[in-house]
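One letter stands for each residue in the lines below.
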Amino acid sequence: MEKGRSGLQRAVGFVTITILSIFIMGLGVRKVPQSSDDAAKVRADIITIDYLKTFGELERPPVLFLHDKHTAVLEKKNKGCQTCHLSENNQLVPKFKRLKDTDKTEVMDIFHTQCIACHRQTAANKEKSGPVSCGDCHKDEITISSSRQPMGMDKSLHFRHSKAHKEKCETCHHEYNEQTQKLFYAKGKEGTCRYCHGKTTVEKKISMRLAAHLSCIDCHRKTLGKNQIAGPINCSGCHDINAQKMIEVVDDVPRLKRNQPDVVFVKKIRSKDKNSTTKTEARMNAVAFSHFAHEGYNHTCRVCHHADLNACASCHTLQGSKDGKQVKLEQAMHQLQSEQSCLGCHQINQQEKQCAGCHASLEQRRKREEATCRNCNASPLPENTSAALEIDDKTQAARLLASRIAVTATYNKEDIPEKVVIDGLLNKYKAVDLPHRKIVLTLVRNIKDNKLANYFHSDLGTICQGCHHNSPLSKKPPKCASCHGRPFVADHPLRPGLMAAYHSQCMECHKEMGIEKPVATDCNGCHKEK
Amino acid sequence: MSEDTATIGKSYFTPFNIIAGLIVIMGLVLTVIRFTGGLAATTNLSDYNPWGLWIGFDLLVGVALAAGGYVTSAAVYLFGMKKYHSAVRPAILTAFLGYALVVLALHYDVGRPWRLPYPFIVQQGTTSLLFEVGACVALYLMVLFIEFTPVPLEWLGFKHARNLVVKLTLLLTVFGVVLSTLHQSSLGALFLIAPSKLHPLWYSPYLPVYFFVSSIIAGLSMVIFESTLSFRFFKHKMDESHSAEKDTIALGFGKAASFVLAGYFIIKVIGISAGNQWHFLTTNYGLWYLVELLGFVALPCFFYAVGVRDKNVTLIKWTAFWTVIGVVINRFNVSMIAFNWHLPSSERYFPHWMEIGISVFIVTVGLIAFKFIVTRMPILYEHPEYKDAH
Amino acid sequence: MSISRRKFLGWLGAAGLSTTLSKAASAATTKHFTGYPDSVGVLFDNTRCIGCRKCEAGCNKVNELPAPDQSFDDLTVLAQQRRTTARAYTVVNRYDKVNHPKGPLYGKIQCNHCLEPACASACFVRAFDKTKIGAVTYDETVCVGCRYCMIACPFEIPTYEYYKALTPRVMKCTLCYPRISKGLLPGCVESCPTESLTYGKRRDLLRIARERIHRFPERYVDHIYGEHEMGGTSWLYLSAVPFREVGMREDLGVTPAPELTAGALSGVPIVVGMWPVLLTGIYAISKRKEKIASAEKEQAVTTAVEQAKAEAEAQLAEALAKAEEEKKKAIESEGQKALKEGDKPQAEEADKTETEEDS
Amino acid sequence: MESAIHTLHEFMFRTETITYLIIVAALFAITGFWLFLTGRDEE
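The structure displayed is predicted, hence computed values, not measured ones. (Residues numbered from 1 in each chain as written. Chains lettered and ligands numbered in written order. Predicted model: local features only at pLDDT ≥ 70, side-chain atom pairs only at ≥ 80, totals over all residues. Heavy atoms only, no water.)

(A) Here's a closer look at the overall build of chain B. Scanning chain B from terminus to terminus reveals 15 helices and zero strands. Counting every position in chain B, which comprises 390 residues, the buried fraction comes to 62%. Long-range pairs, those at least 24 residues apart, make up 80% of the contacts in chain B with a sequence separation of at least 6. (Helix = DSSP H or I, 4+ residues; strand = E, 2+ residues; numbered from the N terminus. Buried < 20%, exposed > 50% of the residue type's maximum accessible area, 1.4 Å probe, protein only. Contact = heavy atoms within 4.5 Å.)

(B) Broad picture of the overall build of chain A. Assigned secondary structure in chain A consists of 21 helices and twelve strands. For chain A, buried positions account for 24% of its 530 residues. Across chain A, every contact between residues at least 6 apart in sequence was considered, and the portion connecting residues at least 24 apart equals 53%. Accessible surface computed for chain A: about 36800 Å², of which carbon and sulfur atoms make up 55%. (Areas by Shrake-Rupley, 256 points an atom, 1.4 Å probe, with all protein chains shown as cover.)

(C) Examining the interface of chain C and chain B more closely. Contacts between the two partners involve 61 residues from chain C and, on the opposite side, 61 residues from chain B. Of the roughly 5300 Å² buried at the junction of chain C and chain B (both faces included), carbon and sulfur atoms supply 61%. In terms of surface lost to chain B, no three residues of chain C exceed Phe 124, Ile 151 and Tyr 162 of chain C, which account for 15% of the buried area on that side. Inspection of the chain C/chain B interface yields three salt bridges. Across the pair Arg 112 of chain B and Glu 140 of chain C runs a salt bridge whose closest N-O atoms are separated by 3.7 Å. For the pair chain C and chain B, the interface holds 31 residue pairs in polar contact (both at pLDDT 80 or more). Elements supplying a minimum of two residues to the side of chain C that touches chain B: α1 (2-14), α4 (118-122), α5 (148-152), β6 (159-160) and α9 (257-329) of chain C. Classifying every residue of the side of chain C that touches chain B by side-chain character gives 40 nonpolar, eleven polar and ten charged. (Buried area = accessible area lost by both parts, 1.4 Å probe. Salt bridge = Lys/Arg side-chain N within 4 Å of Asp/Glu carboxyl O. Polar contact = N/O pair within 3.5 Å; in protein donor to acceptor, adjacent residues only side chain to side chain. Nonpolar A, V, L, I, M, F, W, Y, C, P; charged D, E, K, R; others polar.)

(D) Quick peek at the interface of chain C and chain A. In this complex, chain C contributes 25 residues to the contact, which on the side of chain A involves 23 residues. Per-residue buried area on chain C facing chain A is highest for Lys 102, Glu 195 and Arg 215 of chain C; these three make up 26% of the total on that side. Inspection of the chain C/chain A interface yields three salt bridges. In this structure, Arg 215 of chain C and Glu 363 of chain A form a salt bridge, with 3.8 Å as the shortest nitrogen-oxygen distance. Counting across the interface, chain C meets chain A through four residue pairs in polar contact (both at pLDDT 80 or more). For the side of chain C that touches chain A, the elements supplying multiple residues, two or more each, are α7 (187-191), β8 (197-201) and α8 (202-215) of chain C. Looking at the side of chain C that touches chain A residue by residue, the classes come out as twelve nonpolar, four polar and nine charged.

(E) Expanded view of the packing of α9 of chain C against helix α1 (residues 8-38) of chain D. Look at α9 of chain C against α1 of chain D: their axes get within 10 Å of each other, and the N-to-C directions meet at 5 degrees. Put simply, α9 of chain C runs roughly parallel to α1 of chain D. Touching Pro 258, Glu 259, Ala 262, Leu 265, Val 268, Pro 269, Val 272, Pro 276, Val 277, Thr 280 and Ala 284 of chain C of α9 of chain C are Leu 8, His 9, Met 12, Glu 16, Thr 19, Tyr 20, Ile 23, Leu 27, Ile 30 and Trp 34 of chain D, all from α1 of chain D. Here the contact of α9 of chain C with α1 of chain D is built from residues that sort into 16 nonpolar, three polar and two charged. (Axes fitted to C-alpha atoms, helices over the stretch in contact; angles between N-to-C directions. Parallel < 35°, antiparallel > 145°, perpendicular 65-115°, else oblique.)

(F) Region of interest: the sheet that holds strand β9 (residues 235-238) of chain C. Residue and element names in this part refer to chain C. Pairing is mixed in the open sheet, where three strands are placed in the order β8-β1-β9. In the strand order of this sheet, the two ends are held by β8 and β9, each with one partner. Put simply, the sheet's adjacent strands are angled 25 degrees from each other on average, direction ignored. Strand direction decides the pairing type here: strand β1 (residues 40-45) and β8, joined by five bridges, are antiparallel. Pairing of Phe 44 across the sheet is with Leu 197, part of β8. (Pairing = 2+ DSSP bridges.)

(G) Structural detail: the packing of aromatic side chains. All names here are of chain B. Inspection of every chain in the model, using the stated rule, returns 35 aromatic pairs over all chains. Pairing Phe 96 with Phe 145 gives two aromatic rings, centres 5.7 Å apart and planes at 45 degrees, and the pair type is tilted. Of this pair, Phe 96 sits in helix α5 (residues 85-109) while Phe 145 sits in helix α7 (residues 129-148); the two residues are 49 residues apart in sequence, bridging distant segments of the chain. On the basis of relative accessibility, which here comes to 15%, the residue Phe 96 falls in the buried class. (Phe/Tyr/Trp six-rings, centres within 6.5 Å; stacked < 30°, edge-to-face > 60°.)

(H) How the structure looks around the environment of Leu 64 of chain A. Residues and elements named next belong to chain A. With respect to the element layout, Leu 64 can be found in strand β3 (residues 63-66). Owing to a relative accessible area of 29%, Leu 64 belongs among the partly exposed residues under this scheme. Sequence separation of Leu 64 and Cys 137 is 73 residues, and the distance between their C-alpha atoms is 7.4 Å. Leave out the neighbours within four places in its chain, and Leu 64 touches Ile 46, Ile 47, Thr 48, Cys 137, Ile 142 and Ile 144.

(I) Broad picture of helix α3 (residues 54-62) of chain C. Residues and elements named next belong to chain C. All buried positions along α3 are accounted for by Cys 55, Glu 56, Gly 58, Cys 59 and Asn 60. Tucked into the core, α3 has its buried residues touching β2 (91-95), β3 (105-109), α7 and β8. Once α3 ends, the next one or two residues include Glu 64, with phi positive near 50 degrees.

(J) Main features of the pattern of salt bridges. Applying the stated criterion to the full structure yields 38 salt bridges over all chains. Asp 218 of chain A is the partner of Arg 221 of chain A in a salt bridge, and the nearest nitrogen-oxygen pair spans 3.7 Å. One end of the pair is Arg 221 of chain A and the other is Asp 218 of chain A, both in helix α7 (residues 208-225) and three residues apart, which spans about a single turn. By relative accessible area, which is 21% here, Arg 221 of chain A ends up partly exposed. Note on Asp 218 of chain A: relative accessible area 7%, which makes it buried. Glu 290 of chain C is the partner of Lys 82 of chain B in a salt bridge, and the nearest nitrogen-oxygen pair spans 3.0 Å.

(K) Up close: a nonpolar patch on the surface. Taken together, Tyr 12, Phe 13, Ile 18, Leu 22, Ile 25 and Val 29 of chain B make up a surface patch of nonpolar side chains, about 730 Å² in accessible area. Looking at where Tyr 12 of chain B falls in the secondary structure, it is placed in the segment before α1 (15-37). (Patch = residues over 30% accessible without salt bridge, like charges linked within 9 Å, V, L, I, M, F, W, Y side chains within 5 Å.)

(L) Region of interest: the confidence of the model for chain A. Per-residue confidence for chain A gives a mean pLDDT of 83; residues scoring 70 or more make up 88%. Per-residue pLDDT stays below 50 along residues 28-39 of chain A; that stretch engages in ten contacts with residues further than four places along the chain or on separate chains. (pLDDT = per-residue confidence, 0-100.)

(M) The environment of Ile 229 of chain A, seen in detail. Residue and element names in this part refer to chain A. For Ile 229, the location among the structural elements is in the loop between α7 and α8 (235-239). Residue classification places Ile 229 among the exposed positions, given a relative accessible area of 85%. On a C-alpha basis, the gap between Ile 229 and Ala 164 in space is 9.8 Å, while along the polypeptide they are 65 residues apart.

(N) Representation of the state of the cysteines within the structure. One pass over the full model with this rule turns up zero disulfides over all chains. Counting only cysteine sulfurs, Cys 84 of chain A is the nearest neighbor of Cys 81 of chain A, a cysteine outside any disulfide, at a range of 8.7 Å. Of the residues examined, Cys 81 of chain A reaches a relative accessible area of 29% and is grouped as partly exposed. Cysteine Cys 173 of chain C remains unbridged, with the sulfur of Cys 111 of chain C as its closest cysteine sulfur at 5.4 Å. (Disulfide = S-S within 2.5 Å.)

(O) Spatial organisation of the packing of helix α3 (residues 53-65) of chain B against helix α10 (residues 169-189) of chain B. Residue and element names in this part refer to chain B. Packing of α3 against α10 leaves a shortest axis separation of 11 Å and a crossing angle of 145 degrees. Where α3 crosses over α10, the two elements pack in a sense that is left-handed. Here Leu 59, Leu 60, Val 63 and Ala 64 of α3 come into contact with α10, specifically with His 183, Gln 184 and Leu 187. Classifying every residue of the contact of α3 with α10 gives five nonpolar, two polar and no charged. (Left-handed = near helix turned anticlockwise from the far one by under 90°.)

(P) Looking closely at the pairing of strand β10 (residues 287-290) of chain A. All names here are of chain A. Burial of the side chains of β10 extends over both faces: Val 287 and Phe 289 are buried on one face and Ala 288 and Ser 290 on the other. Bridging between strand β9 (residues 263-266) and β10 involves four bridges; their strand directions are antiparallel. In the sheet register, Phe 265 faces β10, and the bridge partner there is Ala 288.

(Q) Spotlight on the confidence of the model for chain B. Residue-level pLDDT values for chain B average 89, and 96% of them are 70 or greater. A low-confidence stretch, residues 1-7 of chain B stays under pLDDT 50, and its non-local contacts, those more than four residues away or across chains, total eleven contacts.

(R) Here's a closer look at the side chain of Thr 137 of chain C. Residues and elements named next belong to chain C. As for its placement among the helices and strands, Thr 137 is situated in strand β5 (residues 136-138). Judged by its relative accessible area of 15%, Thr 137 is buried. Those residues in contact with Thr 137, other than ones at most four positions away along the chain, are Ala 127, Phe 128, Asp 129, Thr 131 and Tyr 177.

(S) Fine view of the nonpolar core. Formed by 194 residues in total, the largest nonpolar core has its most connected members in Leu 190, Phe 191, Leu 198 and Ile 379 of chain B together with Tyr 148 and Leu 197 of chain C. At 14 residues, the largest contribution of residues to this core is made by α5 of chain B. The two domains that each donate at least three residues to this core are domain 1 (33-255) and domain 2 (268-358) of chain C. Residues Ile 213, Phe 216, Tyr 220 and Leu 238 of chain C belong to the second largest nonpolar core, which totals eleven residues. (Core = buried A, V, L, I, M, F, W, Y, C linked by side-chain atoms within 4.5 Å. Domains from an automatic or database assignment.)

Right, dumping it as C-alpha cells:
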C-alpha cells in the first residue's frame, strides 16, 4: 500500500501539472482585446515598424506606431522633430534616430533602447507614457485599423503651390543627370513626381513615399519655421480623409503651361527616322481630340498621361511596342477596364446617376454598331480638298471638332406619347398610367449640360433605346408586350416575362438614378388598389 | 441508498425508495407533459438543434456505457479469460438494462414513437447509418435479452430452458460482439454526414473508429465502476468467488483499459494530423479538446497504469469513474458542445430542465430495475444448483 | 408507401437476378452521377431581388401554411435574420453590411433540393425522395420523427413541428412538387415580380447563369452557387457579392452527402463477414489452449495420484510387514483387522492431492 | 425494367439493400458452416 500511495501522489502531481498547463496555455490563447475603444479605432497615422523584415523573418509581430500621437505630445513639450529624427544634408531623415538601416541588431537596439528609454522617463515624470514591455508593443492582434488615404497633388493644389512659389517650378521639379549624379532643372520638361519616383526605391530613384515625405514635409516645416502659412507636417494632415476634404480647392485653375495642344489628332506618330520599316497606316480615321476640353474634365494630367506627358501614340504604337507594354493604340483608346483609355473613362461617366438609369442595364461589352465608331473616328475632309485648302492637321482637327453636334435629339413633343397604360395586372390592381412623355423629357433634361452625353445621343431616337432596347430606332417602337409575354420561354431563356420586364426596367432605372419614390416594394406606389 | 434497503422485510420508506419514488412520480408527470404538449413543451430543441440531451446522453452515452456487456462476454467466452467469469452477469445485466432504457428514451425523443419499427417493417432506408444503428440496437437488445434469460430462468427454476440458452452462449457472444462493433462505431458515423456542423477537431473520418474504441474503454471502466458500486451496496448478495474476484477484475480490466486508452490517444492525435487541424488547438475549442484528450484520455491511461503496477485498486476504481466521465464528455462534445459550433450563441442548445428530468427519471428506472433484479436473482452470486456449471 | 414497399420486396426478389446485379455492377462507385437529366430547378439572382417578400406570401398561399405572425407586407421583419420554420418554407433576409455600392442585398432561403440530398441519405425510412423532376419530397406517412435529416442537412433547411404532440412533421419546401408536376410554376417563382427567380431545367439555368455572368461581369461574382456545392443543388444562385456576405456558407465543399457516409457503410458488411471468423478463431485457439492445459493438468493429477498410490502401497506393504510381524504374535483374526486399517490412509491421501491440484 | 441510375443516393440505396440481404444470409451461412466444419471434432 505504501508503494501505491507514492504512485497516487505522483499521479495527483501529474494531474495538477497537466490541468495547470492546459489552463495557462488557455489564458494565453484566450487573450482578448482589452479596451473596447481601441478596437473601434481607425487612424491615418499608423506606421508599421517592420524594418527588420529586410534582414529576414520577423521574430515578433510588427509594432503599430501612432505617429501623430507622438508629435502631439512633443509639440506640447515644445520639442521638435529632431527629438526622433536625425538630419542629413540639412534635411530631416524620416527614419527613427538613424540615417540608414545598417544591420539587424543595430536597428533593433535603436528602437528598443530609445523607445523604451523615453517611455520610462516620461513615466518617471509621472506623465502618461507608452508601453515598456515586449508584448505591449509587439501585439498579435491588430486592434487599430488604418484609414490612411493616399495623397496626391491635383491641379488646384499645384496651382496654389506654384502661386506660393511665384511660379518657380525648379523649387520642386527636377531631372537627374547620370554623369554628374546631380539634380538639375530642365525647363519645359516638368512632369509629375511619380513618373520617376515609383512605389519603391530603385537605385538612385527614391520611392514616391520617401520623396514626398523628405521634400514636402521638410519644406512645410521650414516655411512654418519662418512663421509663414504652410502645408501640414503631421500624418493626418495629408492622409486623413476628413483633412483632405478641408484642403482649399481653387475652382478656376488657370491652364497649366506645358506646351500642350488645344486640339490634336490621336493617331500614329510619323517616325522621325526616315529609314523606318514600319509602313502600317491606321485603317480607321484619326480621332480629333480636344485636349483643352479634357484638361477641364480632369483634376490631374496623370488621369490620362499615366507614364509621361508625351502623346499617347509615342508609346502605344499601332502594333504595340515595348515602351507601351505592347498595348496597341487601338487598345489604349478603347480598353474598358482602363481608366486612362477614352472608352474606359467614358464608361465611368456612364455610372453617373443621370446616365446609369439606362446604361446600367446595357451590356458593356456588347457589339456596337459601326456608326458608333464614326462618332469619334469621323471622316476628315478628303485629302485633295484639305491639300488644296492648305489645311494642316491642327486646323483640320479643330474643324472636325467644331462640326460636332452635341445636342440630344428627340422627337417632337407631340410625337412622344404622353402616357402609356400598363394593364397587365388588372386582376389585382387598376391600370398604371406611365407618364411616358415626362420620363423622356426628364431624361433629356438631365443630360442637357453633359457634352459627352449629348454628343452620343444626337441621333434621333437614341435616347429612346434606354427603354426600347433590342428593337431598331423608330418613332413607334414595338410595344413591350410584343416580345415579353410568358416568363421562362425555352426559346428565349434570357428574356423576362412581361411583368418582370416592366418591374425590372422601372425599378432598376429608379434605383440607378436615385429616385427613391415610389419604393420598389410599395406596390401601391404605382398600382392603385382596385 | 444504504445496505439495509435491500433487506427484505424492512420498511418500504427507505431513503432510496423515497428519492427514487419522487423521481419516478416526476418522470411520470413529465411523460404526460411530453406526450400531450409535444417536444416543444418539454425540450429546448429547435430547428437548428434537432438533437439534444435525449440523444446526446440517453442514446450516445447510454449505449457507450452499456458496452461492458460485449466487452466482458467477449473476454470471458471468446478470449478464454475465465477468471473474470463473475463479472459477466452483472455486465450483461447492466448492458441489457442500458439498452432497454436507450430504447425507452428514444420513445420520448422521436416524434412518433409507435413508428419506431417502421424502418424494419415498412420502408428501409438502407443508406442511412441510423438504419444500421437501429437494426443493430434492436438485434443486440434481443441478443442481450437471451443472454440474460438464464438469470430469471434460474430464479424461476426452469432448468431445461436455462440449459438450452446456456448452450447458445458462444453464438450469442459472437453475435453480440459483431452487433456491438457495428452500432458502437455507427453512432459516431452518424455525424459523418455533417462535416459542416461538427467542429473540425471532433469531426474526422475516423469518428466510427473513435466511437468503437472508446466504447471498449467505457465498457471496461463501467465494469470496474459498477462492481465497485455493487460491492458497496450489495456486498451481502455477493458470494465468495464474486467478492474474491472483484480485485482481480479491477486489475485485469484496468490494465486492458489503460492499454486501449493509450491506443485511443494515438489514433486521436493521428486524426488531428490527418485532417491538419493543429491550428484549431490554439482556439477556445482547441483548449476544450485538449482538456478532453489530455485530461480524460491521457490522464486516466496513466492512472490506470500506475494503479495496475502498484496493485492500487482504489486508484483504479477512481480512474474508472474518471474515464466514464471522460466518455460522457466525449459524447456530449460530439453531439452537443462541438456540434453547431458555427452558430451564434443565441442559437445554441442548452437542455431544458424537463429534458434533464426525463433523463434522470430513466436512469432511476434503471437503478430500480437493477436493484430489483440483483436482490432477487443470481447476479452477484451463483445459483447453488448451477455451481461449476460453466 | 405501398409502392416503395413493393419496390423493396421487388429488390429482394431481384437480388439474385443477374439483370439487377449487372446493372449495379456497371455503375461502379467511381462512376460520376450527374443527377436526373431533365430535372428542373430555380435560379435566384440577388441583383434583381427587391426584398418584397412576395415569394414568402406566394409560398404560404400555395402550401396552405398558417398565417405568419407579421403580415407579408410588413417589411420590417427583414431587419432581423430569419431562417426557415415549420410555418415558413422560405424566408428572405436583408444583408445591409455587404460591400455593394447599390445598397443592401437580399437572400432567399428555402430547400435547395440537392442532387444528392443529405436528408434522403440520412433518413432511415426513406421518407425523402429525390424525384425525377428534381424536387426532394417528404412522406409524412412513414416519418418516425428522428430528425436525423435536420442534423444531416448542410443548409439547415428542414424544420420540425415541435409543438405538435402526436403528429409532428418535418416541414420543408417541396419545390411545389404537386404544382410543377402539373406544369405550374412553384408558388414563390410565380409571385416574384422581378423574375429574381428563374424557373427551368437545371441544365438551362446553368447556361442562363453563365450567360448573365458573361454579359455583366462587373455585376456578379464569377460563381454559380449550387452548381457544385454538396454535389450540386437544383436551386442555383447568382450574387453581386461573395456568397458568404449574403449568409451562404462557402465552406461546405463539393462532396455529395451520400459519399460522406459511404466509407462507414462499406465497413458494415466487412465486419459482419470477418468478425465471426476472427472471433470464432480466437475462441478456438483459446479453447485449444485450455484443452492442452487441462490435459497437462490431468496428467499431473494422474502422476500425483500414482505417486500417492505408490506411497500408500509402500505404507501398505509396511503395514503388511508389520502385520506379518504381529501375525506371528497375534492370532489370525487380528491380522485381518490390521489389513483393513491400512486401506484408510491410502484413500485420504489421494483425496488431499486432488483438492490441491484443483484450486 | 428499371431505368438507369442517375444519383449516387439511388445507387447506394440499391447496393446497400442487397448488401444487407447478403449480410443476413451470410450470418446464417457462416454459423451453419462452422457447425459443419467442427461436426466431427468430438469423434
